[in-house]
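So you can see what is in the structure, the chains are spelled out below.
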Amino acid sequence: NRRIVLASRPVGAPKESDFRLESVDKPQPGQGQMLLRSVYLSLDPYMRGRMSDAKSYAEPVALDEVMVGGTVCQVEQSNHADFEVGEWVLAYTGWQDYGLSDGEGLIKLGKNPSHPSYALGVMGMPGFTAYMGLLDIGQPKAGETLVVAAATGAVGSMVGQIGKLKGCKVVGIAGGEEKCQFAKEQLGFDECIDHKADDFAEQLAKACDQGIDIYFENVGGKVFDAVMPLLNTSARIPLCGLISQYNATALPEGPDRMSMLMGQLLVKRIKMQGFIIFDDYAHRYNEFATDMTQWLAQGKIHYREHLVEGFENAPQAFIGLLEGKNFGKLVVQTNQP
Ligand code: NDP
């Protein structure tokens, strides 16, 4: 039973030495419990927050404890009446081969799901985040301009595609030409701008010639600086994530733009709202699941997964997620089914 624990709290970007791979005995399921064997582990930006002991909406991972994370597992042993050996489940067993469960919080995925790992992406937490953030906070209307950053990632790729289904003009922002091409050609975005380009802000302004009605914020930093002057009156900003800041150790260099931001919010009556997906929207999961299942079946949603082979490669892959090295939803294949 391999597991990866938090060895030290990173200062700035996480390093491989902040993680430690260990081997421990396989746990034994007690009465009413199951032994779950992970096949896929989801790697997500929020894990950077759990590595830090700064105050947040969730408890940090303790030092020497297993890193948390969503997993798709198969039931290997069952002392639970509702679960059979071989069945697939969505669980939260973290960065380890085996976990015990009494069934609480598990989602059944059936005996033979066609794409079990989708439960970590398009049909799971990231897809749900995109759906609720855009539809509930963003309130998209046909003809409006929607801008989304991290546009080819797990959340951003869904935000843009749902925006197209709602009739918006969609402008993505992504790191590099290959990702931008993919956003336009495969995801159907109207435009996609490379945030690494020297003239990024000018290109974004040109692409948004009618201004920006909805900005789905995944990134923060210089991407937001370029977006801010383009926001229209009554714009909405679902504030989903600020990944460019997750490794920051200090406030950004000046000048201080806070009063400029406040002034924009005021005179343009902009609505900016943060949300934490399961805390705020767990009760609406079925709405999402119904729509997304249908859109996928109709071929209206394109989903790209970045699959990393080998449990031991999880730390490196996670470090890369915070540098834009993933191309699509990042998932580790921990074991063979
Ligand atoms: P992604 O699959 O989009 O992967 C992260 C991407 O972020 C990278 O590929 C990279 O894309 C971009 N990125 C990384 N560092 C930077 C940087 N310094 N500047 C600009 N872009 C950067 O991840 P997710 O879709 O899982 O998550 C996207 C955002 O949504 C995150 O901020 C995450 O924290 C947030 N989130 C929030 C939730 C909530 O409940 N509020 C729930 C789920 C996610 P590129 O190469 O294109 O720059």
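Residues numbered from 1 in each chain as written. Predicted model: local features only at pLDDT ≥ 70, side-chain atom pairs only at ≥ 80, totals over all residues. Heavy atoms only, no water.

Caption draft 1: Spatial organisation of the packing of helix α2 (residues 125–138) against helix α3 (residues 156–165). The interhelical angle for the contact between α2 and α3, taken along N-to-C directions, is 45°, at an axis separation of 8 Å. For the element pair α2 / α3, the angle class is oblique. Judged by the twist between their axes, the crossing of α2 over α3 is right-handed. The segment α2 lies against α3, with G127, A130, Y131, L134 and L135 engaging M158, V159, I162 and G163. When its residues are assigned to classes, the contact of α2 with α3 shows 7 nonpolar, 2 polar and no charged. (Axes fitted to C-alpha atoms, helices over the stretch in contact; angles between N-to-C directions. Helix = DSSP H or I, 4+ residues; strand = E, 2+ residues; numbered from the N terminus. Parallel < 35°, antiparallel > 145°, perpendicular 65-115°, else oblique. Left-handed = near helix turned anticlockwise from the far one by under 90°. Contact = heavy atoms within 4.5 Å. Nonpolar A, V, L, I, M, F, W, Y, C, P; charged D, E, K, R; others polar.)

Caption draft 2: Structural view of the pairing of strand β13 (residues 271–274). Where strand β12 (residues 231–239) lies against β13, 4 bridges are found, and the strand directions are parallel. Within β13, the residue paired with I237 across the bridge is M272. (Pairing = 2+ DSSP bridges.)

Caption draft 3: Fine view of helix α10 (residues 314–321). Burial analysis of α10 places 7 of its 8 residues in the buried class, which makes it a mostly covered element. Among the residues making up α10, those that are buried are A314, P315, A317, F318, I319, G320 and L321. Those residues of α10 that are buried lie in contact with β1 (2–6), β2 (19–23), β3 (34–42), α1 (46–50), β14 (305–309) and β15 (329–333). (Buried < 20%, exposed > 50% of the residue type's maximum accessible area, 1.4 Å probe, protein only.)

Caption draft 4: Highlighting the side chain of T129. Note that T129 resides in helix α2. Residue T129 is classed as buried on the basis of its relative accessible area of 5%. From its side chain, T129 meets the backbone oxygen of M125 in a polar contact 2.7 Å long. Each residue touching T129, except ones within four places of it in the same chain, is listed here: V155, F216, C240, F275 and I277. (Polar contact = N/O pair within 3.5 Å; in protein donor to acceptor, adjacent residues only side chain to side chain.)

Caption draft 5: A look at the nonpolar core. Residues L134, L146, V159, I162, F216 and M292 are the most contacted members of the largest nonpolar core, which totals 36 residues. Within the residue set of this core, elements represented by two or more residues are α2, β8 (145–149), α3, β9 (169–174), α4 (177–185), β11 (212–216), α8 (277–281) and α9 (285–297). With residues near it in sequence (within four places) discarded, L146 still touches L134, V159, G160, G163, C168, K169, V170, V171, I214 and F216. By size, the runner-up hydrophobic cluster in this structure holds 23 residues, among which are A149, A207, A226 and I270. (Core = buried A, V, L, I, M, F, W, Y, C linked by side-chain atoms within 4.5 Å.)

Caption draft 6: Focus on the site of the ligand. If you check the shell around the ligand, you find 26 residues, and the closest are V155, K179, H195, Y246 and N326. Contact with the protein chains covers 89% of the free accessible surface of the ligand, which is 920 Å². Looking at the shell around the ligand residue by residue, the class counts come to 16 nonpolar, 9 polar and 1 charged. (Near = heavy atom within 4 Å. Areas by Shrake-Rupley, 256 points an atom, 1.4 Å probe, with all protein chains shown as cover.)

Caption draft 7: How the structure looks around the sheet that holds β13. With parallel pairing, 6 strands are arranged side by side in an open sheet as β10-β9-β8-β11-β12-β13. On the outer flanks of this sheet lie β10 (191–194) and β13, each paired with one strand and no other. Adjacent strand axes in the sheet meet at a mean angle of 15°, parallel and antiparallel pairs treated alike. Of the strands in this sheet, β8, β9 and β11 touch α3, which is tilted by about 170° from β8.

Caption draft 8: Representation of the packing of aromatic side chains in the model. What the rule picks out here adds up to 14 aromatic pairs. Ring geometry for F19 and W95: centres 5.3 Å apart, planes at 5°, overall stacked. Of this pair, F19 sits in strand β2 while W95 sits in the loop between β5 (88–91) and β6 (98–101), placing them 76 residues apart in sequence. Like W95, F19 is buried. Aromatic pair F128 and F278: ring centres 5.6 Å apart, planes at 55°, arrangement tilted. Remark: F278 occurs in helix α8 and F128 occurs in helix α2; sequence separation between them is 150 residues. For F128, a relative accessible area of 0% corresponds to the buried category. Note on F278: relative accessible area 41%, which makes it partly exposed. (Phe/Tyr/Trp six-rings, centres within 6.5 Å; stacked < 30°, edge-to-face > 60°.)

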